[in-house]
Structure formats: structure tokens, C-alpha cells
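Residue-level listing of the chains:
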Amino acid sequence: MVLALNLGFPRVGAARELKKATESYWKGNLSKDDLLKTGKEIRLRHWQMQKDAGISHIPVNDFSFYDQMLDMSCLLGAVPERYDWDGEMVDLDTFFAMARGNDKTIAMEMTKWFDTNYHYIVPELDKGQMFTLSSMKIFEEVMEARDAGLSAVPVLIGPVTYLSLAKSRDENFDPVSLIESLIPVYAEIFNRLKGYECGWVQMDEPYLAMDLSDAQKKAYEIAYEELARAVPDMNIFMTTYFEGLRDNLDLAFSLPVTALHVDLVRAPEQLDACLAKAKETGKHLTLGLVDGRNIWKNDLSASMAMIEKAKAALGEDMVSVAGSCSLLHSPIDLDLETAMDPQIKSWLAFAKQKLSEIATLAKGGAEGRDAISAELAASDKVAEDRKTSSRIHNPKVKERMAAITADMINRKNSFDVRQNAQRDKYHLPAFPTTSIGSFPQTQEIRKARAAFKKGDLDAASYETAMKKEIEHVVKYQEDIGMDVLVHGEPERNDMVEYFGEQLDGFTFSKNGWVQSYGSRCVKPPIIFGDVSRPEPMTVKWSSYAQSLTDKPMKGMLTGPITILCWSFERNDQSREETCKQIALALRDEVADLEQAGITIIQMDEPAIREGLPLRRADWDAYLKWAVDSFKLSVCTVEDSTQIHTHMCYSEFNDIIDSVGALDADVISIETSRSQMELLDAFVAYKYPNEIGPGVYDIHSPRIPNKQEMVDLMEKASKVIDPDLLWVNPDCGLKTRGWAEVEPALKHMVDAAKAMREKMKASKAA
Ligand code: GLN
Ligand code: ZN
């Protein structure tokens, strides 16, 4: 029997019920009982949905009120001291305090889950950390599933992945060294689960597909040998995903687990090696064939070929079919997309539809292709349609792609020549001031946009409202004496969606929400076809803003890598190809802006770092096409046109060469929270172009005063040639209110003026 397995299901609910319930609970508008009830309803509904679809093992404990890593920290009793935990079972309010902070203490840190856009709560573990079983959640949910008549497989984050993702206050302490004190708690959990008649447990060990240190490799051996010894009759179903096993293949198959799951969407090339190893070690192999990270229908024929191969190698009882990873990263139900273009919709599958695909493939594996002939025919038709559709394949785009030449990805002259041309043109003072682009997105702006989208506000009135906002922002910047102005981006809901909506090759769902962190969900654009730009996207707004002032107006664009990383991408061509298509479309926009007299242009690339592949060996190739794409998008302009870029984070050590290779005339980065320490990478690299280290932490409601910004600039001036420095906030201001922004930017301009005076004085001396 080839079984249909699911590794995990999204928990927010098709109507984002969980988001709404938790947020009401936080506001005090919903009782704890009602919140728990909502959670239970969602679990039961999703379990039933999986059962109805034909999934044979239903994952339990994939549900969470916030995050599965935080659930693990609670289960293991890893609650940092500052939460005043009593050491008994961790209650819901302590759990939420860890996630979000409370009036007494701050939240735990949050970071990206591998290369997804999901964020987990980072365990905080110190030397001598104790672990004790401190939550009954997993057992309660197992019972709940059993009461509902389901065969449940409890899911845990495996011990080595858990420790590898943790951090310690002591930089020299490696949490992985805690493995031996952690395992007894896992053994206790296993024993209890056996009491609930669970013969299987799913251990998520995505770290097995990452680059491993020797300590991590050793930890894998210790952990799983000890668990097998302590609880010999528990079957472990170990899952790996997001990458291939590569050099960890032998290690993975050497561990004493009953079944191993591998991701054949991200790494189809590992199938043969995995089959050989599974045969050698007698392990059951789960084929991760249905993409848990994207929205495309599965190519069932291609998947069947892999299943048949696996069956031939291992025998049908040793093979099952699953998603590539948990379906947590997919939107929930395509059936809700009633307004979507029917042809595009016919190409897609969301989580609910993916369950059916998994079941269909398992059936085909068990009974042969004939048993699923209708599904195969339908799938082949979709594959053919996508291969040939003129909505996907645009010959003009393909021609342009083929005609990209080396001189298109380089500026006409080197930075020093351009710098002179730009200085002659703009005559900016030393320490020029600017902002990152957005200004506060006020209630009125949001209301106007919503009314316009709904059709309650006509285009002309909407335009008038946005223009009024732009006038306000421009006047304010003139009044306080900013040097390079922005229009404030009031017309943009989101920096990627705004461009996706205007580019060909993109579409949008109405309900395709995916959890980003806690109760926050995002609805990524879907790139389905060749990307091109039918019309200018920003020129009208930027030109209007420029018409209001004699100061230079900066045009604002989102870069190709960021647009790619924050969308669902195509799976029928390489990421590089899609990225370059986006770059060509943006290149036209850059040319049009320049033509319209907007000759300072910022291309935001906040996602360049997060796009880094999970394995180091793949970094260079990615960085090469990422840099080329950025340059392709901007290198059409004259020397005197100034290209800015912005990245709102500060860990540049790993990628500083590539940041330098972007060759932007000016880069703005986040540095205020680290007190400029994070400029170090630029200093060590001797970054040659101009740079604006953020002096105002826009993530905090606090209004910085002039002196602290002067102090930060002085710090920066000591390590970077003051002649290259710009003065700007850390990031866009859209989440802040005017009451904070108004004084803060005024202080910032005053700080720049003070720096100029000092510079003059020291030159005179
Ligand atoms: N220009 C964008 C803004 O100011 C940049 C946002 C970002 O870097 N995330 O909002
Ligand atoms: Zn930013």
C-alpha cells in the first residue's frame, strides 16, 4: 500500500478565523474559552478535511495559537526567566507574553523559518538550561483527534533542529551542546504518546538538509540513538525539507528511524541516491512530491514516474507520498477564489486541493495509473496548457531576454565619473538629507484606497485625494529643509503588490492568505507568466510631486529581487529568468522616469539577503544573477542620474561584496539600533560609493532628538569619509504617525545642519 501523508496544514482558517479570534482575545474582546473553542473548531474541521481527502495519517500538533517553535519551547519548559513562570504547565498568557511581550517585559526574538516568509519565535537557551515537560497541548490534541475517530500522528520539531535554531545570550555557547539534557524530555513525550496509543511520531528535522557542523552531526547521532534506546517501540517518521540531503545523505539514512521524508520538489535529483540508501538501510521512504511552498497544480504524470521508480526499487509497502513540506506555507482553499480568471485558476492548487493531489498520487501508486486515469488526463492538459498558453509565453519578452548584453548591466562610467556629474547637477550640501520613501499611511489614505478598490470612489476623486496627500508631504519636506524629497508613496498599499498589479504576468487571489507570523498573514502576488510593463507605473505620481518643488524629487521603485522573493513564483522556468524579466520591466520604468526629469531614482532591495540559498555552496550563483538583475534594472541612465538603493537590515558581512557590486550611487541601510556598529562591514570592505546609515529607528514610536542623531553621524564620520555620507531614517515611515514623524525628521535635518557647521569649522581650522 502506498500511503497518502500530510506533514502539516495551515492553521489560520479559510476566513482567517484564528487571526480574528486571537486578536480579539488580545484586545480583551473574547474570552479564553471562546478562543480555545475557535482553535478546536479549526482543528476538527481541518482534520476532517484531510480525512475526507483520503489522507491516511493526520498530523496533530501542527496547530498553534502562534508558532510551532514557541509550542516546542513551552512543551520543553524553555521559558526565559523574565516571564516569571511558575515552573508548572505553561499557561496561554505566558505563551502570548513570550510571543508578544507584555507591559512588564519584552517578547522573544522572531526570525525567518529557513527560506520561507514564515517567522518563528527563537528559543533562548543558556548554559545549564534545564528542560522539563511543561505543556499538555500535544496530548490534549492527540486525544481530541482520537475522540473524533482519527488516526493521529503527533508532530514535533526534532531536537537537533530545535537546538540549531535557538540562540544564547552568550555568543560562545552553542545550544546544540544541550542535546544530552534535552533527549530525556523527548523520551518522556514519546512514552506518554504511547499511552495514547500513538505508534508513530513525526519528527521535523529540516536542519538535516542544511550545512551541518561536526557538533550538529554528532548531535543527530546521539539524539536518535538515545531515543531508539529509551523508547524502542516508537516509530519515528523523520522529515527533511526545503533542501536536498546532499552530503548529509549517509547521516540521515544511518539514523535509527523507521521512515524518512525527502523533499523532491526542491531537490528532485536526490531521488536515486535516496532510493539506494533506503534499500540499503531498510527504511520506509516518503516522497515529498506536492509543493507545499507554491500554488501550482502538481504535474501528476511526472510525479507518478517517480513513484513508480520508487516502488520498483523498494516495493510498495516501503513508499508513501506527501507534500514537499508542511502545507503551512500555502494558501488554504482555491475554491474560495470565485473572481479569479478561470484559466489561471485551472493551473493552481491551494492546501485543500493539494491534499487531493497527495491522495490521488498515493492511489495511483497503490493501484496503478489506470486507477487515476481521469486525474492524469486532466493534469496533462494543464501541463500542456501552461506550456503553450500565450498568456504565459510572450515572444516579445523572450526576445528581449535573449538580447541582454553585458553593457546593459553596467553604468556608462565608473562611480567617480558619475559622482562628479551628479555633484555638478544637484549641488547638494554635505550630509544631504533624504528619507526612504513612504510617509505615514493615515486612516484617510487607507480609507480612500479601500473605497477606490471597492468602486465607491471614482478614479478622479481618488487621484485628487492622493495628490492632496503628496502636496502635504512635499510642503512639509520643503518647510523643514530636506534636500532630496520623496512623494510619500500614499498610492501604494504594499511595495510589491503595487507593482505586481500593474505588470503583465502577475495575478492576485482574494483569499490566498499565508501566515507570516503570529496572527499576521500576507497575500503574495502570483507570478504566472512572462513579465512585462504595459504602461509607466510611477511616472505620473513622481512627476506631479516634482512639479510642486524646485528641490530634486526621488523616484521610488521596488527592485526585481524583492518583487520575486515576495511573490509566488513560476515553477516552469528558473528564478533567474523570472527575476531578469522583472528587471527588464523596471528598466523601462527607470528610463521613463529619467525622461520625465526624475533623475534621482531609488530601487529598494530589502529582500536581497533573505533570497540567499540555504546551502552556502549555492550562494555565489544566486548572488551573481541577483546583482545582474539589479544592475539590469537601473543601468540605462546617464552618469548624472543618481541611483539609490535601500536595504532595511544590517547584517551585511556575508554579502558585502555583492552589495558593493550593485554599484548604486547611494545606499541607505539600517544602523541606528546597533549604534552604527553595523557599518563595520562597509568599513572593512572600504565601500566606495555614497552611503546613508540610518540615524532614526522608525520601528520605535520614540522620537529621537537632534543630539543623538548628531552623535550617530559623528560615529559614522569617524569610519567613513564624511564626504560620502547621507542622513536618513532606517526605513520607510509608513507605519508611523505624523505626530512622531514631524518632529523626528525636523531633528534629523537639524542634525545634518549641525554636522555641516562642524565640517566647515574643521576645514577652516
Ligand atoms: N520605499 C519603501 C518605504 O519607504 C521601502 C520599504 C522597505 O524597505 N521595506 O516604505
Ligand atoms: Zn526598509
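Here's what I pulled together on the structure shown here. (Residues numbered from 1 in each chain as written. Chains lettered and ligands numbered in written order. Predicted model: local features only at pLDDT ≥ 70, side-chain atom pairs only at ≥ 80, totals over all residues. Heavy atoms only, no water.)

When you tally the buried positions in strand β10 (residues 319-323), you get five out of five residues, the bulk of the element. Where strand β1 (residues 3-4) lies against β10, two bridges are found, and the strand directions are parallel. Each residue of the ladder has a partner; that of A4, found in β10, is V321. Alignment of strand β9 (residues 284-290) against β10, held across five bridges, turns out to be parallel. Considered in β10, the bridge of L285 is made with V319. A crossover links β9 with its parallel partner β10, the connecting element being helix α11 (residues 300-314), and its sense is right-handed. (Buried < 20%, exposed > 50% of the residue type's maximum accessible area, 1.4 Å probe, protein only. Helix = DSSP H or I, 4+ residues; strand = E, 2+ residues; numbered from the N terminus. Pairing = 2+ DSSP bridges. Right-handed = clockwise from strand over helix to strand, strands pointing away.)

Attention now goes to the sheet that holds β9. Overall, parallel pairing links the eight strands, which are arranged β1-β10-β9-β8-β7-β6-β5-β2 in an open sheet. At either end of the open sheet lies a strand with only one pairing partner, and these are β1 and β2 (58-60). Both strand β7 (residues 235-239) and strand β8 (residues 259-263) contribute to a ladder of three bridges, which runs parallel. Along β8, the bridge assignment pairs M238 with L260.

What follows concerns the packing of aromatic side chains. Tallied over the entire structure, the rule returns 21 aromatic pairs. Centre to centre, the rings of F682 and Y687 are 5.1 Å apart; their planes meet at 75 degrees, and the pair counts as edge-to-face. Note on accessibility: F682 and Y687 belong to one class, buried. Three or more aromatic residues joined by ring pairs make a cluster, and in this case those are W113, F114, Y120, Y207, Y241 and F242. The lysine or arginine in question, R16, covers the ring of W513, its NZ or CZ lying 3.8 Å from the ring centre. Taking the ring centre of F63 as reference, the NZ or CZ of R43 above it sits at 4.7 Å. (Phe/Tyr/Trp six-rings, centres within 6.5 Å; stacked < 30°, edge-to-face > 60°. Lys NZ or Arg CZ within 6 Å of the ring centre and 35° of its normal.)

What follows deals with the site of ligand 1. All residues in the neighbourhood of ligand 1 are listed as I436, G437, S438, E489, M495, M556, D604, P606, H646, C648, C731 and G732. Here a nitrogen atom of ligand 1 sits 3.1 Å away from a polar atom, N or O, in the main chain of I436. The separation between an oxygen atom of ligand 1 and a polar side-chain atom of H646 is 3.1 Å. Relative to its unbound accessible area of 290 Å², ligand 1 is 90% covered by the protein chains. Counted by class, the shell around ligand 1 contains six nonpolar, four polar and two charged residues. (Near = heavy atom within 4 Å. Polar contact = N/O pair within 3.5 Å; in protein donor to acceptor, adjacent residues only side chain to side chain. Areas by Shrake-Rupley, 256 points an atom, 1.4 Å probe, with all protein chains shown as cover. Nonpolar A, V, L, I, M, F, W, Y, C, P; charged D, E, K, R; others polar.)

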